[in-house]
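# Summary of the model geometry
Each chain, letter by letter, is given below.
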Amino acid sequence: MKKYTLQKKPFVVPTTDGKLIEEHHGSVATNNHAISIAHMVAPPGWNEPFQTPEFEEYTYIISGKKQFIIEGETIVLEAGQSIRIEANTRVQYSNPFELPCEYLAICKPAFDFQKAHREEA
């Protein structure tokens, strides 16, 4: 029995906002509920509603910039920077900049839309 899982074809999450989400490991891609790892590209002008997820999230910026509003504080990350946001923290993610933002997102436990608790506008 193999002691590894090789991912050659990530699950592409359908979106309506132009954001690319490729889940390499996680609940949908590999039936792993302990952690999710996704490659993402947020287009210029993209944003999500505020949310208070039940999971912690790590973000590593590959290129571009990404804005976070965390408990009322605005933080901008650039290429080569990363952040860890604790579970049950109110946050909004966006890319109000002119260039796309490419990044990796790791959620622990794995991302679950039902546990993201997004606020409706």
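Scroll up a little and you will see the structure.
What you see is a predicted model, and the numbers here were worked out from it, not measured in a lab. (Residues numbered from 1 in each chain as written. Predicted model: local features only at pLDDT ≥ 70, side-chain atom pairs only at ≥ 80, totals over all residues. Heavy atoms only, no water.)

Backbone-to-backbone hydrogen bonds join strands into a sheet, with any given pair of strands oriented parallel or antiparallel. Spatially, 6 strands are ordered S1-S2-S3-S10-S5-S8 in an open sheet, and the strand pairing comes out antiparallel. Since the sheet does not close on itself, it has two edges, and those belong to strand S1 (11–12) and strand S8 (82–85), each with one partner. Sheet analysis places strand S2 (residues 20–25) next to strand S3 (residues 36–42), joined by 5 bridges and oriented antiparallel. Across the sheet, the residue bridging to His25 is Ile37, located in S3. (Pairing = 2+ DSSP bridges. Helix = DSSP H or I, 4+ residues; strand = E, 2+ residues; numbered from the N terminus.)

So, on to the environment of Arg90. Tracing the backbone through its elements, the reader meets Arg90 in the loop between S8 and strand S9 (91–95). Overall, Arg90 belongs to the partly exposed group, its relative accessible area being 34%. In sequence terms Arg90 and Ile69 are 21 residues apart; their C-alpha atoms lie 8.2 Å from each other. Other than its neighbours up to four places away in sequence, Arg90 contacts Phe50, Gln51, Thr52, Ile69, Ile70, Glu71 and Glu119. (Buried < 20%, exposed > 50% of the residue type's maximum accessible area, 1.4 Å probe, protein only. Contact = heavy atoms within 4.5 Å.)

With that out of the way, let us pick up the pattern of salt bridges. Tallied over the entire structure, the rule returns 5 salt bridges. A salt bridge links Glu48 to Lys19; the shortest N-O distance between them is 3.4 Å. Note that Glu48 is positioned in the loop between strand S4 (46–47) and strand S5 (56–63) and Lys19 in the loop between S1 and S2, a separation of 29 residues in sequence. One exposure class covers both Glu48 and Lys19, and it is buried. Across the pair Glu48 and Arg118 runs a salt bridge, and its minimum N-O distance is 3.1 Å. Taken together, the residues Glu48 in the loop between S4 and S5 and Arg118 in the segment after strand S10 (101–108) connect sequence positions 70 residues apart. Glu48 sits in the buried class, given a relative accessible area of 8%. (Salt bridge = Lys/Arg side-chain N within 4 Å of Asp/Glu carboxyl O.)

Of all 5 residues in S9, 5 are buried, a share of seventy percent or more. Where S4 lies against S9, 2 bridges are found, and the strand directions are antiparallel. Bridging from a neighbouring strand, Trp46 pairs with Asn95 of S9. Sheet analysis places strand S6 (residues 65–70) next to S9, joined by 4 bridges and oriented antiparallel. When the sheet's bridge partners are listed, Phe68 is paired in S9 with Tyr93.

Looking now at the pairing of S6. By the criterion of burial, S6 is predominantly enclosed, with 5 of the 6 residues buried. By the bridge criterion, 6 bridges tie S6 to strand S7 (residues 73–78) in an arrangement that is antiparallel. Bridging across to S7, Phe68 finds its partner in Ile75.

Next up on the list: the packing of aromatic side chains. Under the defined criterion, the tally for this structure stands at 2 aromatic pairs. Arranged with centres 5.6 Å apart and planes meeting at 80°, the rings of Phe68 and Tyr93 form a pair that is edge-to-face. Separated by 25 residues along the polypeptide, Phe68 in strand S6 and Tyr93 in strand S9 bring together distant segments of the chain. As far as the burial class goes, Phe68 and Tyr93 line up, both buried. The residue whose ring lies beneath Lys65 is Phe97, and the NZ or CZ to ring-centre distance is 4.8 Å. The side chain of Arg90 reaches across the aromatic face of Phe50, ending 3.9 Å from its centre. (Phe/Tyr/Trp six-rings, centres within 6.5 Å; stacked < 30°, edge-to-face > 60°. Lys NZ or Arg CZ within 6 Å of the ring centre and 35° of its normal.)

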